[in-house]
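Chains, contacts and geometry: an overview
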Amino acid sequence: MRNTLLATTLVVVALTIATPPAFAQDGDAFEGPWVAATAGYDTFNGDGSESADGIVYGIVLGYDFSLGGLFLGVEAELGKSSVSASGSDVLVTGDELSFNVGRDIYAGIRVGVPVSETVLAYGKAGYTNQRISATYTLDDIIETASDNIGGYRLGAGVEFDLGEPFARIEYRYSDYGSFSDTDLETSRHQVMLTAGLRF
């Protein structure tokens, strides 16, 4: 399912970018402050082979600047995921690490190119920090811990201007590196739908 959603999103982005703009963009449609709600499909990878699926949702705000035929934006997001996952043989043979993905904070930039008067194709990159609560079990020993892990996020999407409201479809990949002092690598693939209001 993740590969199907990813392929669909990338095809939409590619077809939109390939459409030649035949208009004089005045810049108003994609410029200024905005706030939005976002939700989508979340796949969490715990060790490069195991993964867990869930729903992610959050709030986003930002500001976009017009640079002629290009738009540069800054944005921040606070999100929450329903994903939980587990892995075995993390530190020693026979152990198990289970965890829940909590809040996620993102701050980054967005660069967009209008392909029509109401459609903007864009890419994004920035810093992301996720909260993980974990339980480690080895024989009769059970330990719990929480950790904040920072990493980077890359994404691409299409925005549709609906007047003051707008909508987006977006794919993004986040890499957080290893969890705590373990070799458990963590990353996420997400396909998001966003609806917001531009002021």
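Presented here is a report on the structure given in the accompanying data block. (Residues numbered from 1 in each chain as written. Predicted model: local features only at pLDDT ≥ 70, side-chain atom pairs only at ≥ 80, totals over all residues. Heavy atoms only, no water.)

Here the focus is the pairing of strand E1 (residues 32-45). The element E1 is largely enclosed, with a buried count of ten among its 14 residues. Pairing of E1 with strand E2 (residues 51-66) involves 14 bridges; the strand directions are antiparallel. Looking across to E2, one finds that Phe44 is bridged to Ala52. Bridging between E1 and strand E9 (residues 185-198) involves twelve bridges; their strand directions are antiparallel. (Buried < 20%, exposed > 50% of the residue type's maximum accessible area, 1.4 Å probe, protein only. Helix = DSSP H or I, 4+ residues; strand = E, 2+ residues; numbered from the N terminus. Pairing = 2+ DSSP bridges.)

Further remarks concern a nonpolar patch on the surface. On the surface, Tyr63, Phe65, Leu67, Leu70, Leu72, Val74, Ile109, Val111 and Val113 cluster together into a nonpolar patch covering about 710 Å² of accessible area. Contributions of two or more residues to the nonpolar patch are made by E2, strand E3 (71-81) and strand E5 (96-114). In terms of residue count, E5 provides more of the nonpolar patch than any other element does, three residues in total. Inspection of the secondary structure puts Val74 in strand E3. (Patch = residues over 30% accessible without salt bridge, like charges linked within 9 Å, V, L, I, M, F, W, Y side chains within 5 Å. Areas by Shrake-Rupley, 256 points an atom, 1.4 Å probe, with all protein chains shown as cover. Salt bridge = Lys/Arg side-chain N within 4 Å of Asp/Glu carboxyl O.)

As judged from the 17 bridges shared by E5 and strand E6 (residues 119-138), these two strands associate in the antiparallel manner. Looking at E6, one finds that Glu96 is bridged to Thr137. Joining the antiparallel neighbours E5 and E6 is a turn of four residues. Relative to strand E7 (residues 141-161), E6 is paired through 20 bridges, and the arrangement is antiparallel. Note on E7: the bridge partner recorded for Gly126 is Arg153. The hairpin turn running from E6 into E7, its antiparallel successor, is two residues long, and Asp139 in that turn takes a positive phi close to 55°.

Another point: unusual backbone geometry. Excluding glycine, residues mostly carry a negative phi; peptide bonds, for their part, are mostly trans. Of note in the backbone geometry, Asp139 takes a positive phi value of approximately 55° without being a glycine. On the accessibility criterion, Asp139 (68% relative accessible area) is exposed.

On to the nonpolar core. One finds Phe44, Val83, Ala85, Leu97, Phe99 and Ile132 to be the most contacted residues of the largest nonpolar core, which totals 13 residues. Put simply, the parts of the chain that give this core at least two residues each are E5 and E6. (Core = buried A, V, L, I, M, F, W, Y, C linked by side-chain atoms within 4.5 Å.)

With that out of the way, let us pick up the packing of aromatic side chains. We describe a pair of aromatic rings using the distance from one ring centre to the other and the angle between the two ring planes. According to the stated counting rule, one finds four aromatic pairs in the structure shown. Consider the rings of Trp34 and Phe166, whose centres lie 5.7 Å apart with planes at 85°: the pair is edge-to-face. Note that Trp34 is positioned in strand E1 and Phe166 in strand E8 (residues 165-178), a separation of 132 residues in sequence. Relative to Phe65, the ring of Tyr63 has its centre 4.7 Å away and its plane inclined at 45°; by these criteria the two rings are tilted. Residue placement shows Arg110 over the ring face of Tyr122; its charged tip is 4.5 Å from the ring centre. (Phe/Tyr/Trp six-rings, centres within 6.5 Å; stacked < 30°, edge-to-face > 60°. Lys NZ or Arg CZ within 6 Å of the ring centre and 35° of its normal.)

Pairing is possible between side chains of opposite charge, provided their charged atoms come close. This structure, assessed with the given rule, holds 13 salt bridges. The residue Arg198 makes a salt bridge to Glu159 at a minimum N-O spacing of 2.8 Å. Here the residue Arg198 occupies a position in strand E9, and Glu159 occupies one in strand E7, the gap between them amounting to 39 residues. Note on accessibility: Arg198 and Glu159 belong to one class, buried.

Within the secondary structure, Asp42 is located in strand E1. Here Asp42 falls in the buried class, since its relative accessible area comes to 0%. In sequence terms Asp42 and Gly54 are twelve residues apart; their C-alpha atoms lie 5.1 Å from each other. Discounting chain neighbours no more than four positions away, the residues touching Asp42 are Ala52, Asp53, Gly54, Ile55, Val56, Ser81, Val83, Arg188, His189 and Gln190. For Asp42, the side chain forms a polar contact with the side chain of Arg188, separated by 2.6 Å. One polar contact links Asp42 to Gln190, side chain to side chain, over a distance of 3.3 Å. (Contact = heavy atoms within 4.5 Å. Polar contact = N/O pair within 3.5 Å; in protein donor to acceptor, adjacent residues only side chain to side chain.)

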